[in-house]
Amino acid sequence: MAENAGQEPRAAFLRGAFVRIYEQYAPALERLAGAYTAAREDREDLVQEIAAALWRALPGYRAEASERTWLYRIAHNVAISATVKQRKREKREVAPELPLELPSAGSSAEQNLLAEEKRSMLFAAVRDLAAVDRQITVLHLEGLSGAEIQAVTGLAEGAVATRLTRIREKLRQAIRARETGDGR
Amino acid sequence: MADRDELDQLWRGQATGPPRKGEDMLTIAMERANRFDHKIKARNLRECLAALLLTALYTFIAWKSPNALSRAGHLLVAASGLWIVFCMLRYGREAPPPAVDRSLADYQQALLRKYDYQIRLLKNVKYWYLLPPYLGLLLGSAGIVTANQAQGLPGWPQLIPLAIYTAMFGGLWWLNEVYAVSALQRERTRLLEEMNGATV
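Report follows, based on the coordinates. (Residues numbered from 1 in each chain as written. Chains lettered and ligands numbered in written order. Predicted model: local features only at pLDDT ≥ 70, side-chain atom pairs only at ≥ 80, totals over all residues. Heavy atoms only, no water.)

**Re the interface of chain B and chain A**
At step 1: Facing 48 residues of chain B, the contacting portion of chain A comprises 66 residues.
At step 2: In terms of surface lost to chain A, no three residues of chain B exceed W11, L104 and E194 of chain B, which account for 16% of the buried area on that side.
At step 3: Put simply, chain B and chain A have two salt bridges between them.
At step 4: Among the salt bridges present, the one from E49 of chain A reaches R32 of chain B, with a minimum N-O distance of 2.5 Å.
At step 5: The interface formed by chain B and chain A includes 15 residue pairs in polar contact (both at pLDDT 80 or more).
At step 6: Broken down by secondary-structure element, the contributors of at least two residues to the side of chain B that touches chain A are α1 (4-12), α2 (22-63), α4 (104-123) and α6 (159-196) of chain B.
At step 7: Among the elements that line the side of chain B that touches chain A, the one with the most residues is α2 of chain B, at 10 residues.
At step 8: Tallied by class, residues from the side of chain B that touches chain A come to 23 nonpolar, 10 polar and 15 charged. (Contact = heavy atoms within 4.5 Å. Buried area = accessible area lost by both parts, 1.4 Å probe. Salt bridge = Lys/Arg side-chain N within 4 Å of Asp/Glu carboxyl O. Polar contact = N/O pair within 3.5 Å; in protein donor to acceptor, adjacent residues only side chain to side chain. Helix = DSSP H or I, 4+ residues; strand = E, 2+ residues; numbered from the N terminus. Nonpolar A, V, L, I, M, F, W, Y, C, P; charged D, E, K, R; others polar.)

**Considerations on the packing of helix α2 (residues 40-57) of chain A against helix α3 (residues 67-84) of chain A**
Residues and elements named next belong to chain A.
At step 1: The interhelical angle for the contact between α2 and α3, taken along N-to-C directions, is 130 degrees, at an axis separation of 9 Å. With respect to α3, the element α2 is oriented oblique. Two packed elements cross with a definite hand, and for α2 against α3 that hand is right-handed. Residues L46, E49, I50, A53, L54 and A57 of α2 lie in contact with α3, whose contacting residues are W70, L71, I74, A75, V78, A79 and A82.
At step 2: For the contact of α2 with α3, a count of residues per class yields 12 nonpolar, no polar and one charged. (Axes fitted to C-alpha atoms, helices over the stretch in contact; angles between N-to-C directions. Parallel < 35°, antiparallel > 145°, perpendicular 65-115°, else oblique. Left-handed = near helix turned anticlockwise from the far one by under 90°.)

**Some words on a nonpolar patch on the surface**
All names here are of chain B.
At step 1: Taken together, the side chains of L69, L76, Y127, L131, L135, L138 and L139 present a nonpolar region at the surface, about 560 Å² in accessible area.
At step 2: The set of elements that each furnish at least two residues to the nonpolar patch consists of α3 (68-91) and α5 (125-150).
At step 3: Here the element with the most residues in the nonpolar patch is α5; it accounts for five residues.
At step 4: On the secondary structure map, L76 appears in helix α3. (Patch = residues over 30% accessible without salt bridge, like charges linked within 9 Å, V, L, I, M, F, W, Y side chains within 5 Å. Areas by Shrake-Rupley, 256 points an atom, 1.4 Å probe, with all protein chains shown as cover.)

**With respect to the environment of L53 of chain B**
At step 1: Tracing the chain through its elements places L53 of chain B in helix α2.
At step 2: As for L53 of chain B and R120 of chain B, which are separated by 67 residues in sequence, their C-alpha atoms are 27 Å apart.

**Quick word on empty space enclosed by the protein**
At step 1: Inspection of every chain in the model, using the stated rule, returns one cavity of 30 Å³ or more.
At step 2: When its volume is computed, the largest cavity comes out at roughly 40 Å³.
At step 3: T137, H140, L141, L164, I167, R168 and L171 of chain A together with L7 of chain B together form the lining of the largest cavity.
At step 4: Going through the elements one at a time, α6 (131-141) and α8 (157-179) of chain A are the ones with two or more residues in the lining of the largest cavity.
At step 5: Counting residues per element, the lining of the largest cavity draws most heavily on α8 of chain A, at four residues.
At step 6: Of the residues contributing to the lining of the largest cavity, the split by class is five nonpolar, two polar and one charged. (1 Å grid on protein atoms, 1.4 Å probe; cavity = no way out; pocket = protein on both sides within 12 Å on 5 of 7 lines; lining within 4 Å. Points joined across faces, edges and corners; volume = space filled by probe spheres on them.)

**Considering the nonpolar core**
At step 1: Membership of the largest hydrophobic core comes to 90 residues, with the highest contact counts inside it found for F18 and L58 of chain A.
At step 2: Per-element accounting of this core gives the leading share, 12 residues, to helix α1 (residues 7-34) of chain A.
At step 3: Those residues within four positions of F18 of chain A in sequence are excluded, and the remaining contacts are A51, L54, W55 and L58 of chain A together with G22, M25, L26 and A29 of chain B. (Core = buried A, V, L, I, M, F, W, Y, C linked by side-chain atoms within 4.5 Å. Buried < 20%, exposed > 50% of the residue type's maximum accessible area, 1.4 Å probe, protein only.)

**Quick notes on the side chain of E177 of chain B**
All names here are of chain B.
At step 1: Mapped onto the secondary structure, E177 falls in helix α6.
At step 2: With relative accessibility at 18%, the residue E177 sits in the buried group.
At step 3: Here K126 takes part through its side chain, which lies 2.9 Å from a polar atom of the side chain of E177.
At step 4: In this structure E177 touches L122, K123 and K126, once residues within four positions along its chain are discounted.

**So, the pattern of salt bridges**
Residue and element names in this part refer to chain A.
At step 1: Using the criterion set out here, one finds 10 salt bridges over all chains in the structure.
At step 2: Among the salt bridges present, the one from R163 reaches D133, with a minimum N-O distance of 2.7 Å. Here R163 is found in helix α8, whereas its partner D133 is found in helix α6, with 30 residues between them in sequence.
At step 3: Linking D133 and R166 is a salt bridge whose minimum nitrogen-to-oxygen distance equals 3.6 Å. Remark: R166 occurs in helix α8 and D133 occurs in helix α6; sequence separation between them is 33 residues.
At step 4: What makes R166 partly exposed here is its relative accessible area of 38%.
At step 5: Sharing partners across several salt bridges, the network here consists of D133, R163, R166 and K170.

Structure (C-alpha cells):
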C-alpha cells in the first residue's frame, strides 16, 4: 500500500481506503453483527469496534489475501472477542430481536409478518451455533465461495462443505423447534 | 424452511438502519482506536509513577530510619518500586492482543494463549508485585519495634500500620488472583464454549 509514499499522502490514502471499504461492506458488517448479538445498540457497538480494528489493521494490509476475506477475518475475530467479554450475556439474549424490514408496498401484511418471524428465527438460530459454525454460515450467506471461506476460517474447503451440510440440518431443526415452541 | 434461496433472502432482508457515512465511521474508528491506546498507556504510566513515588517515599523513610533493620526493610520497599517498574516495562501487565487479521482458527488459539498468559501473570503478581514491598514493610516494622523497645517504649503501636499494610496487600492479592483471574477464567470458558459448544 503506497510503500514509498510520504506520511501525509499515506495517511490520506489509508483514510480513503477505510472509507471505501467501510461503505462497501457496511450492510454486510451489520448483518454479521446481528449473528453475534440481538440488541440494536450492541450491534451498533460491535460494528464500531470492528471499524476501529479495521482502522488499526489497515496499515498492515499487504494484499496477500483478498480485501473481502481479510475484512471478514477481522470482523469475525473482533466479534468473537466481544462475545466472550460479554458480561451480561443472559440479559442480552433476551433482548429484543432485530428490527425487520418494513413491508414493501406490494406484499401482504401476513406474508411480511411470516417473513419477519422466519428471519428472527434464522438469526436466533445462527446466534445459537458454535462459533466456527456461525462463522461458516455467515460467510456462506454473504456469498463467499468455499475457497474464500477456507481463507477466512483456516478450515479446508472439504471440511467447510461437510459442516455446511450439517449446519443446514441444525438450522432446519432449530427453526422447526422454535416454530413448534420447543426451542428457547 | 429452507432452501438456499430462502435462507439468502431472509438473511439479506435484515434491516440495516440508515447507512452511516464512511467519513463519520472513520472519525468514530479513530477515536475508539486512540481511546484504547491511550487507556493502556495511561494505566502503565500511572502504575509506573506510583511505583516511583513509592521508591522516593521509602528512600526518604529509610534515611530517617532509627536502626539498620528498619533501614534495610524500607530500602527493600524502595527497591521494590524500581523492580515493579522494571517488570512492567519488561514484561507488561497484559499480553498484547493477537493480530485480528489471522484466520479464525489461529486467532481463537492465540486468544486462548493470551488468556493463559494473562492468568499466569496475575497468579504471579504475589511474587513480583506484592511480596517484595510487603517483606520490606515487615522488616521495617520489626526494626521500628526493636528501636522502640530499646528506648523503653511499647512495640504494639507498630502493629496498627502493619495490620493496615496486611489488609491492603491482602486486598490487592484478592483483586488480582481471585477477582481478576476468575473473570478471565470465565471469559476463557466462554471462548471454549463458543469454539466447541453446539447449543442448538
